[in-house]
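Chain by chain, the residues:
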Amino acid sequence: MSAAYTVRVAGDAADRDACFRVRKEVFVVEQGVPQDIEYDAADGAGADTVHVLAVREDGVPLGTGRLLHGEAAAAKTGGDLTVGSLGRLAVTGDARGLGVGAALVRAIEDAARARGLAAVDLHAQTHALGFYERLGYEAYGPEFPDAGIPHRAMRRSL
């Protein structure tokens, strides 16, 4: 597979639908996360949510991620409105190893900086801790289950 892809903020309903298709493939089908907990109120086109999308040059979606900020992120960041929440990072199986995940994280961080945020928090599946550590995130707090999958909280200052 060609490694040529671009990452952009999901600008319209078609882009958001592509994000949701990737999430369904990775989280619901591959990892067995119940569909009714995969999607939430922050999945709309609200002012406090930014979806990012990686697409192959032929338009095939390869990955997605989401930044919550402001009130949408407050419950995940301990109420600190200077911290954004990175979540729903997913890369399709055939695109793994191409740098798509790292490119999505950097795009989310860029979106956070553009909104004046000082840091980004995330809840990483424990098998992905090394990936996020290589991108500058530090784990804190105890391991906890989310959708039956072990996670750790992580943060990176911007």
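The sections below set out a description of the structure shown in this document. Please read all numbers here as calculations on a predicted model, not as lab measurements.

Conventions used here
- Residues numbered from 1 in each chain as written.
- Predicted model: local features only at pLDDT ≥ 70, side-chain atom pairs only at ≥ 80, totals over all residues.
- Heavy atoms only, no water.
- Helix = DSSP H or I, 4+ residues; strand = E, 2+ residues; numbered from the N terminus.
- Phe/Tyr/Trp six-rings, centres within 6.5 Å; stacked < 30°, edge-to-face > 60°.
- Buried < 20%, exposed > 50% of the residue type's maximum accessible area, 1.4 Å probe, protein only.
- Expected span 1.5 Å × (residues − 1).
- Bend = angle between axes of the 7 residues up to and from the residue.
- Contact = heavy atoms within 4.5 Å.
- Polar contact = N/O pair within 3.5 Å; in protein donor to acceptor, adjacent residues only side chain to side chain.
- Salt bridge = Lys/Arg side-chain N within 4 Å of Asp/Glu carboxyl O.

Look at Arg 88: it is not a glycine, yet its phi comes out positive at around 55 degrees. Notably, Ala 147 is not glycine yet its phi reads approximately 55 degrees, a positive angle. Within the secondary structure, Ala 147 is located in the loop between strand E6 (138–146) and strand E7 (149–157).

Inspection of the entire model under this criterion finds three aromatic pairs. Each ring, one from Phe 20 and one from Tyr 39, has its centre 5.8 Å from the other, and the planes form 80 degrees; the classification is edge-to-face. Here Tyr 39 lies in the loop between helix H2 (35–38) and strand E2 (49–56) and Phe 20 lies in helix H1 (residues 13–30), a separation of 19 residues in the sequence. Arranged with centres 6.0 Å apart and planes meeting at 75 degrees, the rings of Tyr 132 and Tyr 137 form a pair that is edge-to-face. Just as Tyr 132 is buried, Tyr 137 falls in that class too. In textbook terms, an aromatic cluster arises when at least three aromatic residues are bridged by ring pairs, as seen for Phe 131, Tyr 132 and Tyr 137.

This part takes up H1. Spanning 18 residues, H1 covers 24 Å between terminal C-alpha atoms, matching the ideal 26 Å at 1.5 Å per step. Where H1 bends most, the angle comes to about 30 degrees, and this point is Lys 24. Of the positions making up H1, those classed as buried are Asp 15, Arg 16, Ala 18, Cys 19, Phe 20, Val 22, Arg 23, Val 26, Phe 27 and Val 28. Its buried side turned inward, H1 meets strand E1 (5–9), H2, E2, strand E3 (61–68), strand E4 (83–91) and strand E5 (119–125). Just downstream of H1 lies Gly 32, where phi reads positive at about 75 degrees.

It is worth spelling out helix H4 (residues 100–114) at this point. With 15 residues, H4 extends 21 Å from end C-alpha to end C-alpha; this agrees with the ideal 21 Å at 1.5 Å per step. The set of residues buried in H4 consists of Val 100, Gly 101, Leu 104, Val 105, Ala 107, Ile 108, Glu 109, Ala 111 and Ala 112. Phi for Gly 116, located one or two positions after H4, is positive at around 80 degrees.

With that settled, consider the environment of Gly 65. Locating Gly 65 in the fold gives a position in strand E3. Judged by its relative accessible area of 1%, Gly 65 falls in the buried class. For the pair Gly 65 and His 127, spaced 62 residues apart in sequence, the C-alpha to C-alpha distance is 18 Å. Leaving out residues up to four positions away in the same chain, Gly 65 has contacts with Val 50, His 51, Val 52, Gly 87, Arg 88, Leu 89, Leu 104 and Ile 108.

So, on to the side chain of Thr 64. Take Thr 64: it is sitting in strand E3. Engagement of the side chain of Thr 64 in a polar contact is seen with the backbone oxygen of Val 52, the distance being 2.8 Å. Apart from the residues within four sequence positions on either side, Thr 64 is in contact with Cys 19, Val 22, Arg 23, Val 52, Arg 88, Leu 89, Ala 90 and Leu 104.

Under the criterion given, the structure shown has 13 salt bridges. Of the charged contacts in the structure, one is a salt bridge between Arg 88 and Glu 38, with a shortest N-O distance of 3.3 Å. Placement of the pair is Arg 88 in strand E4 and Glu 38 in helix H2, with a sequence separation of 50 residues. Salt-bridge contacts for Arg 155 lead to Asp 121; the nearest nitrogen and oxygen are separated by 2.4 Å.

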